[in-house]
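Geometric and topological summary
Read off the chains here:
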Amino acid sequence: MATTVVKKETKTWKTLTDDRVIGIINKCIEEVSEMGYKVPEGIKFKTFKSVKTFGICSYREHALVLNEQLLKEDENCIRNTVMHELAHFIAGSKAKHGAEWKKVANRISVETGLNISRTNLFDTHPEVAKYRAENIKYRFKCRGCGCTLEYTKRTEFVRTYADTFETFSGEKKPRWTC
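As the structure is a prediction and not an experimental result, all values here were calculated from the model.

1. What about the nonpolar core?
Counting residues in each nonpolar core, the largest one holds 34 residues, and the members touching the most others are Val 32, Leu 86 and Ile 108. Residues in contact with Ile 108, not counting those within four places in the same chain, are Val 32, Met 35, Tyr 37, Met 83, Ala 87, Gly 113 and Ile 116. In this structure, Leu 149, Tyr 151, Phe 157 and Val 158 belong to the second largest nonpolar core, which totals 5 residues.

Right, dumping it as structure tokens:
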């Protein structure tokens, strides 16, 4: 199995050559196209190694990048991740996981029966659970619904909310509501 290596900053991405997974991706693209969404043409399919995420939508590289571990998972897990990343391509580079992305992801979820969410199935993977348990540095609990976000590095979200605290019962908690 020959691979072409593409260097992107400090990451190494390889061209995806697994015909089973390429077939699943193409089926996903066809499904969202049938929903009326315009999927950019010529998306490159790449793979990478990570214990942080199952997939990446790279607008700059015009690539859908999948974790090598994901390739070993069942078809529904792969479809879920591919649809999540396609929702990013459809919603646009500025959407991140905001309202427009959620609108696209929700529609894809309803029409496919998948559960497209911000964190999807990757968070329950044993290797990820171990990595995160050992490396969580920031934990936020929503004051409204009680959901929890955990981060292993100081992201833009962490920089925004980590230093803004309110005191509840003598305990400092970040001021954040989803």
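2. Observations regarding helix H1 (residues 19-34)
The end-to-end C-alpha distance of H1, which contains 16 residues, comes to 22 Å, matching closely the 22 Å that a straight helix rising 1.5 Å per residue would cover. Backbone nitrogen of Arg 20 and a side-chain oxygen of the N-cap are separated by 2.9 Å at the start of H1; the cap is Asp 18. The first or second residue beyond H1 is Gly 36, which carries a positive phi of 100°.

3. Some details on the pattern of salt bridges
It is possible for side chains of opposite charge to pair when their charged atoms get near one another. Applying the stated criterion to the full structure yields 4 salt bridges. In this structure, the salt-bridge partner of Lys 27 is Glu 75, at a minimum N-O distance of 3.8 Å. Here the residue Lys 27 occupies a position in helix H1, and Glu 75 occupies one in helix H2 (residues 75-91), the gap between them amounting to 48 residues. One salt bridge in this structure joins Glu 156 and Lys 96, with 3.7 Å as the shortest N-O distance. Highlighted residues: Glu 156 in helix H5 (residues 156-161) and Lys 96 in the loop between H2 and helix H3 (99-112), separated in sequence by 60 residues.

Cut-offs and rules
Residues numbered from 1 in each chain as written. Predicted model: local features only at pLDDT ≥ 70, side-chain atom pairs only at ≥ 80, totals over all residues. Heavy atoms only, no water. Core = buried A, V, L, I, M, F, W, Y, C linked by side-chain atoms within 4.5 Å. Buried < 20%, exposed > 50% of the residue type's maximum accessible area, 1.4 Å probe, protein only. Contact = heavy atoms within 4.5 Å. Helix = DSSP H or I, 4+ residues; strand = E, 2+ residues; numbered from the N terminus. Expected span 1.5 Å × (residues − 1). Polar contact = N/O pair within 3.5 Å; in protein donor to acceptor, adjacent residues only side chain to side chain. Salt bridge = Lys/Arg side-chain N within 4 Å of Asp/Glu carboxyl O.

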